[in-house]
Amino acid sequence: MAAPKAYELRTKNKAELTKQLEELKQELASLKVQKVAGGSAGKLTKISAVRKSIARVMTVITQTQRAQLRLFYQKKNFLPLDLRVKKTRAIRRRLTKHEASVKTVKQQKKDIHFPLRKYAVKA
Amino acid sequence: MSINSDNSNRRGGNPLFLSTRYVIQQHAPDQDVEATITAQSFQTVRLTFFISACVTTTTQQTIKIAAPSDKNKALAAKKAALKGVNGQKARKIRTSTTFNRPKTLKLARSPKYARKSVPHVPRLDQYKVLKTPLNTESAMKKIEENNTLVFIVDVKSNKRQIKDALKKMYDVTALKVNTLIRPDGNKKAYIKLTADVDALDVANKIGFI
């Protein structure tokens, strides 16, 4: 089936994808046996193509799975850790933009009534 | 109880409590007793009240100081203040000399969020366990003579997993599996088949003869 394309795979549902994965793995197993038994050159080059196809199917499976999970957790308070933002450990522990910008009422009043003035000197 | 001054042997001197002998007569408990003043001395009167005040708590005499229930309440309050109120709890009976840690409540987990969003699919499936068959000269000898197949398997797999993988992939039952780790780091499995199947036929079917 000439190496499935990713956009074609995305149209399929999970059961079909899992079945296709099984078939590809069986094909790979048989190719490996033929390699031991001295297979033809065509068969041997096919091995790498099949391995990449397997990778493609698994990628599509996990991508759609995680997208669905994010939808599921959209309304909830706590995400599973692997769906949270990764960035770096230090960045995750910083104050958020909002937390850092919060001011006391006292400070807000000061800023309003005594802002930083700019002066110009007349030449 | 009435206190009579026994002045029979009295000598002159300070007529205090210690110097004069007093005869104390016990009356029956229920009798209401007023302090009786028999002698003429003032000390006797003082003494009488002193003794009666002391004696009240130890004997069962009722002396008209206060009503009974109030008195009992007062005594209970005094005891509670001095001795504390925990003395009345029953002590647990211990029938063994061993002290075992008392069993406390163990709650099951109820996490607020899953740590991993989805559990992973099993990583060592049958395709990963059996890597390739071997068809070296010694392997062929095994096939023909001992009815065994020789496979290179994943290092992490165990004999049970190898047996199951063979069953799933080629529908063949293994009698026993012997494994060893080769010097190049792979695991080799000698898989003896049951007597009803011929290893040579299976090898042909698999395709590596």
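In this text the structure is predicted, and so the values were computed from the model without any measurement. (Residues numbered from 1 in each chain as written. Chains lettered and ligands numbered in written order. Predicted model: local features only at pLDDT ≥ 70, side-chain atom pairs only at ≥ 80, totals over all residues. Heavy atoms only, no water.)

Describing the overall build of chain B
Keep this limit in mind: The helix count covers DSSP runs of H or I at least four residues long, the strand count covers runs of E at least two residues long, and both are numbered beginning at the N terminus. With a 1.4 Å probe rolled over the protein chains alone, any residue whose accessible area is under 20% of its type maximum counts as buried; one over 50% counts as exposed, and the rest are partly exposed. Note on definitions: a residue-residue contact is assigned when non-hydrogen atoms from the two residues lie within 4.5 Å. All accessibility values rest on the Shrake-Rupley procedure with a 1.4 Å probe; residue burial counts only the protein chains present in the view.
Across its full length, chain B holds 6 helices and 6 strands. Each helix and strand of chain B, ordered N terminal to C terminal, gives the series β-β-α-α-α-β-α-β-α-β-β-α. A buried classification covers 28% of the 209 residues belonging to chain B. Taking all contacts inside chain B whose residues are at least 6 apart in sequence as the whole, residues at least 24 apart take part in 56%. Working note: accessible area of chain B is about 16,000 Å², and carbon and sulfur atoms make up 54% of it.

Observations concerning the UniProt feature "coiled-coil region" (unreviewed entry) in chain A
So the rule is basically this: UniProt positions are given in the numbering used here, feature names are shortened, and annotations may be inferred rather than shown by experiment.
According to UniProt, the positions carrying the feature "coiled-coil region" (unreviewed entry) are residues 7-34 of chain A. Helix and strand shares over residues 7-34 of chain A are 89% and 0% respectively, and the end C-alpha atoms of the span are 31 Å apart.

Some points on helix H2 (residues 14-36) of chain A
Residue and element names in this part refer to chain A. Rules: Helix span, as expected, comes to 1.5 Å for every residue beyond the first.
Taking 1.5 Å of rise per residue, the 23 residues of H2 would be expected to cover 33 Å, and the 33 Å separating its terminal C-alpha atoms lies within 8% of that figure. Among the residues of H2, Leu-17, Gln-20, Leu-21, Leu-24, Lys-25, Leu-28, Ala-29, Leu-31 and Val-33 are the ones counted as buried. Remark: Gly-38 follows H2 within two positions and exhibits a positive phi of approximately 80°.

Some words on the interface of chain B and chain A
Rule in force here: For any pair of parts, buried area is found by adding up, for both, the accessible area (1.4 Å probe) each one loses once the two are put together. Just to be clear on terms, a salt bridge is a Lys or Arg side-chain nitrogen sitting within 4 Å of an Asp or Glu carboxyl oxygen. Counted as a polar contact is a pair of N or O atoms within 3.5 Å, where, for protein atoms, one must be capable of donating a hydrogen and the other of accepting one, and residues adjacent in sequence contribute only when both atoms are in side chains. Residues are grouped as follows: Ala, Val, Leu, Ile, Met, Phe, Trp, Tyr, Cys and Pro are nonpolar; Asp, Glu, Lys and Arg are charged; all remaining types, including Gly, are polar.
Taken together, the 18 residues of chain B in the interface contact 17 residues of chain A. Carbon and sulfur atoms make up 66% of the area that chain B and chain A hide from each other, which totals about 1,500 Å². Ranking the residues of chain B by area buried against chain A places Tyr-113, Ser-117 and Tyr-127 of chain B at the top, with a combined share of 40%. In this structure, the connection of chain B to chain A is made through 1 salt bridge. Its salt-bridge partner being Asp-125 of chain B, residue Lys-25 of chain A comes within 2.9 Å of it at the nearest N-O pair. There are 6 residue pairs in polar contact (both at pLDDT 80 or more) connecting chain B and chain A. Of all the secondary-structure elements, those providing two or more residues to the side of chain B that touches chain A are strand S3 (130-133) and helix H5 (159-170) of chain B. Taken together, the residues of the side of chain B that touches chain A break down into 9 nonpolar, 4 polar and 5 charged.

Some points on the packing of H2 of chain A against helix H3 (residues 41-72) of chain A
Residue and element names in this part refer to chain A. Under the convention used in this document: Axis definition: a line fit to C-alpha positions, over the contact stretch in the case of helices; interaxial angles, taken between N-to-C directions, run 0 to 180 degrees. Roughly parallel means an angle under 35 degrees; roughly antiparallel means over 145; roughly perpendicular covers 65 to 115; every other angle is labelled oblique. We call a crossing left-handed when the near helix sits turned anticlockwise from the far one by less than a right angle, and right-handed when that turn is clockwise.
At a minimum axis separation of 9 Å, H2 and H3 run at an interaxial angle of 155°. When the interaxial angle is binned, H2 and H3 end up roughly antiparallel. The interaxial crossing formed by H2 with H3 has left-handed handedness. Along the lines of polarity and charge, the residues of the contact of H2 with H3 split into 13 nonpolar, 5 polar and 8 charged.

Looking at the nonpolar core
Side chains of a nonpolar character, in soluble globular proteins, are inclined to be buried together. Keep this limit in mind: Among the buried residues, those of types Ala, Val, Leu, Ile, Met, Phe, Trp, Tyr and Cys that are joined through side-chain atoms within 4.5 Å form a nonpolar core.
Core analysis: the largest hydrophobic core is formed by 23 residues, its most contacted members being Leu-130, Leu-149, Phe-151, Leu-166 and Ile-191 of chain B. Every element with two or more residues in this core is listed here: helix H4 (137-146), strand S4 (148-153), H5, strand S5 (174-181), strand S6 (187-193) and helix H6 (199-206) of chain B. Dropping the residues within four chain positions of it, Leu-130 of chain B is found in contact with Phe-151, Ile-152, Val-153, Ile-162, Ala-165, Leu-166, Met-169 and Tyr-170 of chain B. Leu-9, Val-50, Ile-54 and Ile-61 of chain A belong to the second-largest nonpolar core, a separate cluster that totals 12 residues.

So, the sheet that holds S5 of chain B
Residues and elements named next belong to chain B. Counted only if it meets this: Should DSSP find at least two bridges between two strands, the strands are taken to pair.
In spatial order, the strands read S3-S4-S6-S5; together these 4 strands make up an open sheet with antiparallel pairing. Every interior strand has two partners, whereas the edge strands, S3 and S5, have only one. Geometrically, the sheet is characterised by an average inter-axis angle of 30° between neighbouring strands, direction not taken into account. The pairing of S5 with S6 spans 7 bridges and is classified as antiparallel. Its bridge partner lying in S6, Leu-180 is registered against Lys-188. Its contacts with the sheet put H6 on S4 and S6, and the angle it makes with S4 is roughly 45°.

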